[in-house]
Amino acid sequence: MSANDPFARLPQAASFTVTSTTVADGAAWPSEQHSSGLPGGKDTSPQLSWSGAPDGTKSYAVTVYDPDAPTGSGFWHWAVADIPATVTELPEGAGDDTGSQMPAGAYQLPNDARVARYIGAAPPAGHGPHRYFVVVHALDIPSTGVRADATPAVLGFTMAGHTLGRAVLTATAETLA
């Protein structure tokens, strides 16, 4: 696992709280949140609840990112844009390929596997533990204006100047050799 900080070069933002009934901060993902390509994996997105967002929040975005993936650029597992400011929870499984549990107006962008859904953890066997940053971004705009077929990196670039706060939960996963 590397010590790289995915927030080091981003503008400072207030912190608020994100919790999950699926995984505790700092704990390992349950098998359901692993890739369906691994034993027990189901590509099921985690349940998330958040509170305490900064005043002026007009929408949220949610991302799941593994900075420890051996790619040179990490790996984006999930990106959801344009969650209305009145929404403060996503149920477990909301990141499926139908998007039917997404709040009205919200949409999933294609992840680094190029599918618009949550894709579970799948660190290479023997690569050691990976960190998965689950982040709720509080934004000062009602819509990012990012195209639904854009990458999570484009979403991140667009959000950088509009982020009022970040709520961060970190999960881990490791595939033994």
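Described in the following lines is the structure provided in the data block. This structure is a prediction, so every number in the text was calculated from the model and none was measured.

Focus on the overall build of the protein chain
Then, in step 1: Helix and strand counts for the protein chain stand at one helix and nine strands.
Then, in step 2: Over its C-alpha atoms the protein chain spans a radius of gyration of 15 Å, differing by no more than 12% from the 16 Å that the globule rule assigns to 177 residues.
Then, in step 3: Based on the C-alpha atoms only, the size of the protein chain along its principal axes is roughly 45 × 35 × 30 Å.
Then, in step 4: Sorting the 177 residues of the protein chain into buried and exposed places 48% on the buried side.

Let's talk about helix H1 (residues 152-159)
Then, in step 1: Every buried residue belonging to H1 is among Pro152, Leu155 and Met159, and all of these are buried. Projected down its long axis, H1 carries its buried residues within an arc of 55 degrees, all on one side.
Then, in step 2: The elements touched by buried residues of H1 are strand S4 (59-66), strand S5 (75-84), strand S8 (130-139) and strand S9 (163-173).

Structural notes on the pairing of strand S3 (residues 48-51)
Then, in step 1: The alternating pattern of S3 places Leu48 and Trp50 on a buried face, while none of Ser49 and Ser51, on the opposite face, is buried.
Then, in step 2: Bridge count for strand S2 (residues 17-19) against S3 is three bridges, and the pairing is antiparallel. Paired with valine 18 across the two strands is tryptophan 50, which belongs to S3.
Then, in step 3: Here two bridges tie S3 to strand S6 (residues 89-90), and the two strands are oriented antiparallel to one another. Directly across from serine 49, in S6, lies its bridge partner glutamate 89.

Looking at the pattern of salt bridges
Then, in step 1: By the definition in use, this model includes two salt bridges.
Then, in step 2: We note a salt bridge from aspartate 149 to arginine 147, for which the minimum N-O separation is 2.7 Å.
Then, in step 3: Since its relative accessible area comes to 43%, aspartate 149 is described here as partly exposed.
Then, in step 4: Judged by relative accessible area, arginine 147 falls into the exposed class, the value being 59%.

Considering the sheet that holds S6
Then, in step 1: Sheet architecture is open: three strands sit in the order S2-S3-S6, paired in antiparallel fashion. If you trace the sheet from one side to the other, it starts and ends with S2 and S6, each paired once.

Let's talk about the side chain of aspartate 43
Then, in step 1: Inspection of the secondary structure assignment puts aspartate 43 in the loop between S2 and S3.
Then, in step 2: Of the side chains with opposite charge, arginine 117 comes closest to the buried, unpaired aspartate 43, at an N-O distance of 5.0 Å.
Then, in step 3: Dropping the residues within four chain positions of it, aspartate 43 is found in contact with Glu32, His34, Ser35, Ser36, Arg117, Tyr118, Ile119 and Gly120.

Describing unusual backbone geometry
Then, in step 1: Of note, aspartate 43 is a non-glycine position whose phi angle comes to about 55 degrees, a positive value.
Then, in step 2: Its identity as a non-glycine residue notwithstanding, arginine 114 has a phi of 65 degrees, on the positive side.
Then, in step 3: Mapped onto the elements of the fold, arginine 114 is located in the loop between strand S7 (107-108) and S8.

Some thoughts on the sheet that holds S8
Then, in step 1: Judged by pairing direction, the sheet is mixed, and its six strands sit side by side in the order S1-S9-S8-S4-S5-S7 without closing on themselves. Bordering the open sheet on either side are strand S1 (14-15) and S7, each of which pairs with just one other strand.
Then, in step 2: As paired strands, S1 and S9 are joined by two bridges and run parallel to one another. Bridging from a neighbouring strand, serine 15 pairs with arginine 166 of S9.

Some details on the side chain of aspartate 66
Then, in step 1: Looking at the secondary structure, you find aspartate 66 in strand S4.
Then, in step 2: No salt bridge is formed by the buried aspartate 66; its nearest oppositely charged neighbour, arginine 131, is found at 6.5 Å.
Then, in step 3: Polar side-chain contacts of aspartate 66 include one of 2.7 Å to the backbone nitrogen of aspartate 68.
Then, in step 4: Non-local contacts of aspartate 66, meaning those with residues more than four positions away in its chain, are made with Gly74, Phe75, His77, His130, Arg131 and Tyr132.

Reading guide: rules and limits
- Residues numbered from 1 in each chain as written.
- Predicted model: local features only at pLDDT ≥ 70, side-chain atom pairs only at ≥ 80, totals over all residues.
- Heavy atoms only, no water.
- Helix = DSSP H or I, 4+ residues; strand = E, 2+ residues; numbered from the N terminus.
- Rg over C-alpha atoms; globule rule 2.2 N^0.38 Å.
- Buried < 20%, exposed > 50% of the residue type's maximum accessible area, 1.4 Å probe, protein only.
- Arc of directions from axis to C-beta.
- Contact = heavy atoms within 4.5 Å.
- Pairing = 2+ DSSP bridges.
- Salt bridge = Lys/Arg side-chain N within 4 Å of Asp/Glu carboxyl O.
- Lys, Arg positive; Asp, Glu negative; His and termini not counted.
- Polar contact = N/O pair within 3.5 Å; in protein donor to acceptor, adjacent residues only side chain to side chain.

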